[in-house]
Amino acid sequence: PGVIGGVGAKLRELDVLGNRFTGSIPSGIATLTQLRTLSLSENELTGSIPAGLGTDLAQLEFLFLDNNQLMGTLPV
């Protein structure tokens, strides 16, 4: 999210499908509070799903996390 810079506050869709990103989902992604669609599918993400995805992204309508190595439950 820090790379996104000043547009982060207004960003409504983030689609990084199939980019082979590795590591965990950055907790800072929850600062993109206007997101309606978040697609992180088909990467190589690992670890738990950050709680902020379920609590801080109130506008989120579509969340795609398939084909990663994530564990745990989806925060609500």
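Look above for the structure.
These figures come from a predicted structure and were not determined experimentally. (Residues numbered from 1 in each chain as written. Predicted model: local features only at pLDDT ≥ 70, side-chain atom pairs only at ≥ 80, totals over all residues. Heavy atoms only, no water.)

Digging into the overall build of the protein chain
Link 1 in the chain: Assigned secondary structure in the protein chain consists of 1 helix and 6 strands.
Link 2 in the chain: In the protein chain, the succession of helices and strands from N to C terminus is β-β-β-β-α-β-β.
Link 3 in the chain: Burial status across the protein chain gives 34% buried among its 76 residues.
Link 4 in the chain: Within the protein chain, contacts between residues at least 6 apart in sequence are counted, and of these 57% link residues at least 24 apart.
Link 5 in the chain: Total accessible area on the protein chain stands at roughly 4,700 Å², and carbon and sulfur atoms take up 53% of it. (Helix = DSSP H or I, 4+ residues; strand = E, 2+ residues; numbered from the N terminus. Buried < 20%, exposed > 50% of the residue type's maximum accessible area, 1.4 Å probe, protein only. Contact = heavy atoms within 4.5 Å. Areas by Shrake-Rupley, 256 points an atom, 1.4 Å probe, with all protein chains shown as cover.)

A few points about the packing of aromatic side chains
Link 1 in the chain: The full count for this structure, using the stated rule, is 1 aromatic pair.
Link 2 in the chain: Consider the rings of Phe62 and Phe64, whose centres lie 6.4 Å apart with planes at 0°: the pair is stacked.
Link 3 in the chain: Looking at Phe62, the relative accessible area reads 43%, which means it is partly exposed. (Phe/Tyr/Trp six-rings, centres within 6.5 Å; stacked < 30°, edge-to-face > 60°.)

Thoughts on the sheet that holds strand 3 (residues 37–39)
Link 1 in the chain: In spatial order, the strands read 1-3-5; together these 3 strands make up an open sheet with parallel pairing. In this open sheet, the two edge strands, each paired with only one partner strand, are strand 1 (13–15) and strand 5 (62–64). When the angles between neighbouring strand axes are averaged without regard to direction, this sheet yields 10°.
Link 2 in the chain: For strand 1 and strand 3, the ladder comprises 3 bridges, and the chain directions are parallel. Directly across from Asp15, in strand 3, lies its bridge partner Ser39. (Pairing = 2+ DSSP bridges. Axes fitted to C-alpha atoms, helices over the stretch in contact; angles between N-to-C directions.)

Some thoughts on the environment of Asp66
Link 1 in the chain: Inspection of the secondary structure assignment puts Asp66 in the loop between strand 5 and strand 6 (69–71).
Link 2 in the chain: On the accessibility criterion, Asp66 (40% relative accessible area) is partly exposed.
Link 3 in the chain: Leaving out residues up to four positions away in the same chain, Asp66 has contacts with Ser41 and Glu42.
Link 4 in the chain: Polar contacts involving the side chain of Asp66 include one to the side chain of Ser41, which spans 2.5 Å. (Polar contact = N/O pair within 3.5 Å; in protein donor to acceptor, adjacent residues only side chain to side chain.)

Observations concerning the sheet that holds strand 4 (residues 44–48)
Link 1 in the chain: Spatial strand order, 2-4-6: 3 strands in an open sheet with parallel pairing. Since the sheet does not close on itself, it has two edges, and those belong to strand 2 (22–23) and strand 6, each with one partner.
Link 2 in the chain: Where strand 2 lies against strand 4, 2 bridges are found, and the strand directions are parallel. Considered in strand 4, the bridge of Gly23 is made with Leu45.

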